[in-house]
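Letter by letter, the chains look like this.
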Amino acid sequence: MLLGIESSCDDTAAAVLEGETVRSSVVSSQADLHEAYGGVVPELASRNHQRLIVPVVQKALSEAGAEPDDLDAVAVTVGPGLPGSLLVGLSFGKAFARSLDVPLVGVNHLEGHLYSVDIEAPRPPRPYLCLIVSGGHTELVLVEEDFQHTVLGRTRDDAAGEAFDKVAQLFGLGYPGGPEIDERAQRGDPSFHDFPRSRLDGFDFSFSGLKTSVLYHLRDFSDAEREQLFADHRDDLCASFQAAVVDVLVDAVRRAADETGAAHVAVVGGVAANRELRTRVETAGSEDGFAVHVPDFRYCMDNAAMIATAGRLRLDAGFTAPPTVDIDSGLGLSGEG
Ligand code: KG4
Ligand code: ZN
């Protein structure tokens, strides 16, 4: 059995894998704590990881019906992420692996997202094209084989999830904003307002223009008018904004699938939980002839089952971490410039 640990941002998570099967996956979200600040406060996140790491690991072991001695490896996120948060998971993982005398595997959080589509069958055969869309990252990656990736494009400013969160704030919604925009957009009219779709050369993304356009649109109203607009059309605004993001993402996926000839496309990360994005990529796949792989909802947002799965792949490929392994808060995917 392998224990996976994830603490790169504001979720403290642990999971136990037996072979390739997830025996338990526990996520303790700190979202409520950070909501009052409209985003993650690094110092608070780090302190809460310290408080939560032991109970979360204990819960993952007990839900898996496992004892520490049943573990044959520990996999832990080493980056990218918030330094203070990463340190808690890595320090715990190192000490735990050392005390059990089992190998420690260092996992790149982005590889965790990439291989989150391997958690449940059917697993995509390699090569596959993967769109990582989360709160911290937006990258379009060709996974040639395990641990061999070509990054085709990435965001030049905000990540897709970040855009959802910032625009949700402009719409007077809570944090994180993605799930609520998704919910409201179901009831809204996407053609209510035509927000801009930015298309850059190649496969890079930019969402800051869209965010600014939402800001300017709302600024044209007096406070009273804006309140009325929200009362009458908040769901329509959510649907219109979401349509702009999804159009840009789906357009890039289609072009990249066409250019690379990819027969399999995966969408992963927190924003992959977005229902409109899932539906639109599925439709694009049936029209263009590529198979679509999207993780179960619980494996889109940060979790440790994906870290354990990537860790198992790394271990099987013979990569283990030396006792001196350190966090790398700016770690990228191999193949990134
Ligand atoms: O992968 P994740 O849990 O953390 C990072 O690695 O960043 O992603 C969190 C992001 C947040 O920005 C959140 O607003 C967004 O995923 N998100 C969504 C949805 N669920 C979560 N965005 C759009 N629609 C959703 N249903
Ligand atoms: Zn993530």
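Refer to the structure above for everything that follows.
Being a predicted model, the structure only gives us computed values, none of them experimental.

Asker: Even after reading the chapter, I still don't get the sheet that holds strand β5 (residues 104-108), so can you show me in this structure?
Answerer: Strand pairs in the sheet, formed through backbone hydrogen bonds, run parallel or antiparallel to each other. Strands sit in the order β3-β2-β1-β4-β5 across an open sheet of five strands; the sheet is mixed. The open sheet has two edge strands, β3 (21-29) and β5, and neither has a second partner. Along the sheet, successive strands turn relative to each other by an average axial angle of 20 degrees, direction set aside. Where strand β2 (residues 11-18) meets β3, eight bridges bridge the pair, whose relative direction is antiparallel. Looking at the pairing, Ala14 lines up with Val26 of β3. Contacting β1 (2-6), β4 (73-79) and β5, helix α3 (residues 83-100) crosses the sheet at an angle of about 155 degrees to β4.

Asker: I keep staring at unusual backbone geometry and nothing clicks. Help me out?
Answerer: Trans peptide bonds make up the majority, and among non-glycine residues the majority have a negative phi. Look at the link from Gly79 to Pro80: it is a cis peptide, with omega at -10 degrees. Along the chain, the position of Pro80 falls in the loop between β4 and α3. Look at the link from Ala121 to Pro122: it is a cis peptide, with omega at 0 degrees. Tracing the backbone shows Pro122 in the loop between α4 (109-114) and β6 (128-133).

Asker: How should the sheet that holds β6 be read in this particular structure?
Answerer: Pairing is mixed in the open sheet, where five strands are placed in the order β8-β7-β6-β9-β10. One side of each edge strand has no neighbouring strand; the edge strands of this open sheet are β8 (148-154) and β10 (291-293). Neighbour to neighbour, the strand axes of the sheet diverge by 25 degrees on average, direction disregarded. The pairing of β6 with strand β7 (residues 138-145) spans six bridges and is antiparallel. Bridged to Ile132 within β7 is Glu139. Helix α8 (residues 223-260) contacts β6, β7, β8 and β9 (264-268) of the sheet and is inclined by roughly 160 degrees relative to β6.

Asker: Can you help me understand the site of ligand 1 in this one?
Answerer: Surveying the vicinity of ligand 1 reveals 20 residues, the closest of which are Gly135, Asp165, Asp182, Asn274 and Asp302. Contact between ligand 1 and Gly161: an oxygen atom at 3.1 Å from a main-chain N or O atom of the residue. Gly178 places a polar main-chain atom, nitrogen or oxygen, 3.1 Å from an oxygen atom of ligand 1. Taking 560 Å² as the accessible area of ligand 1 by itself, protein coverage stands at 91%. Taken atom by atom, the bulk of ligand 1 overlaps the largest pocket.

Asker: What's the story with the packing of aromatic side chains in this structure? I'm lost.
Answerer: For any pair of aromatic rings, the description consists of the separation of the ring centres together with the inter-plane angle of the planes. Applying the stated criterion to the full structure yields six aromatic pairs. Both rings, one in Phe164 and one in Phe241, keep their centres 5.3 Å apart while their planes meet at 80 degrees; by these two values the pair is edge-to-face. With a gap of 77 residues between them, Phe164 in helix α5 (residues 160-170) and Phe241 in helix α8 connect regions that are remote in the sequence. Among the residues examined, Phe164 registers a relative accessible area of 2% and is labelled buried. Relative accessible area serves as the criterion here: at 0%, Phe241 is assigned to the buried category. Members of the aromatic cluster, connected to one another through ring pairs, are Tyr115, Phe147 and Phe319. One residue, Arg278, lies across the ring of Phe297, its end atom 4.1 Å from the ring centre. The ring centre of Phe147 lies 4.6 Å from the NZ or CZ of Arg314, which sits over that ring.

Asker: Would you mind showing me how to read the coordination of the zinc ion (ligand 2) here?
Answerer: When a metal carries six donors in an octahedron, the ideal angles between them are 90 or 180 degrees, while four donors in a tetrahedron ideally lie at 109.5 degrees. Only His109 (NE2), His113 (NE2) and Asp302 (OD) from the protein reach the zinc ion (ligand 2) as donors, at distances of 2.0 to 2.1 Å. Considering all four donor atoms around the zinc ion (ligand 2), the spread of angles at the metal, 97 to 136 degrees, places the coordination shape in the irregular class. Of note, the zinc ion (ligand 2) draws all its donor residues from one chain, in the sequence arrangement H-x3-H-x188-D. Here Asp302 lies in the loop between β10 and α10 (305-316) and His109 lies in helix α4, a separation of 193 residues in the sequence. The two residues His109 and Asp302 agree in class, both being buried.

Asker: Is there a simple way to explain the packing of helix α2 (residues 42-63) against α3 in this structure?
Answerer: Relative placement of two packed helices is described by the angle separating their axes and the distance separating the axes. Interaxial distance between α2 and α3 falls to 9 Å at its minimum, and their mutual angle equals 40 degrees. Comparing their axes, α3 and α2 come out oblique. With respect to the hand of their crossing, α2 and α3 are arranged in right-handed fashion. Contacts from Ala45, Ser46, His49, Gln50, Ile53, Val54, Val57 and Leu61 of α2 reach α3 at Gly84, Ser85, Val88, Gly89, Phe92 and Phe96. Of the residues that constitute the contact of α2 with α3, the class distribution is eight nonpolar, six polar and no charged.

Rules of the game
Residues numbered from 1 in each chain as written. Chains lettered and ligands numbered in written order. Predicted model: local features only at pLDDT ≥ 70, side-chain atom pairs only at ≥ 80, totals over all residues. Heavy atoms only, no water. Pairing = 2+ DSSP bridges. Helix = DSSP H or I, 4+ residues; strand = E, 2+ residues; numbered from the N terminus. Axes fitted to C-alpha atoms, helices over the stretch in contact; angles between N-to-C directions. Contact = heavy atoms within 4.5 Å. Near = heavy atom within 4 Å. Polar contact = N/O pair within 3.5 Å; in protein donor to acceptor, adjacent residues only side chain to side chain. Areas by Shrake-Rupley, 256 points an atom, 1.4 Å probe, with all protein chains shown as cover. 1 Å grid on protein atoms, 1.4 Å probe; cavity = no way out; pocket = protein on both sides within 12 Å on 5 of 7 lines; lining within 4 Å. Sits in = over half its atoms within 2 Å of the grid points. Phe/Tyr/Trp six-rings, centres within 6.5 Å; stacked < 30°, edge-to-face > 60°. Buried < 20%, exposed > 50% of the residue type's maximum accessible area, 1.4 Å probe, protein only. Lys NZ or Arg CZ within 6 Å of the ring centre and 35° of its normal. Donors = N, O, S within 2.8 Å, 3.2 Å for Na, K, Ca; no water. Tetrahedral: all angles 85-135°; square planar, octahedral: opposite > 155°, others 65-115°. Parallel < 35°, antiparallel > 145°, perpendicular 65-115°, else oblique. Left-handed = near helix turned anticlockwise from the far one by under 90°. Nonpolar A, V, L, I, M, F, W, Y, C, P; charged D, E, K, R; others polar.

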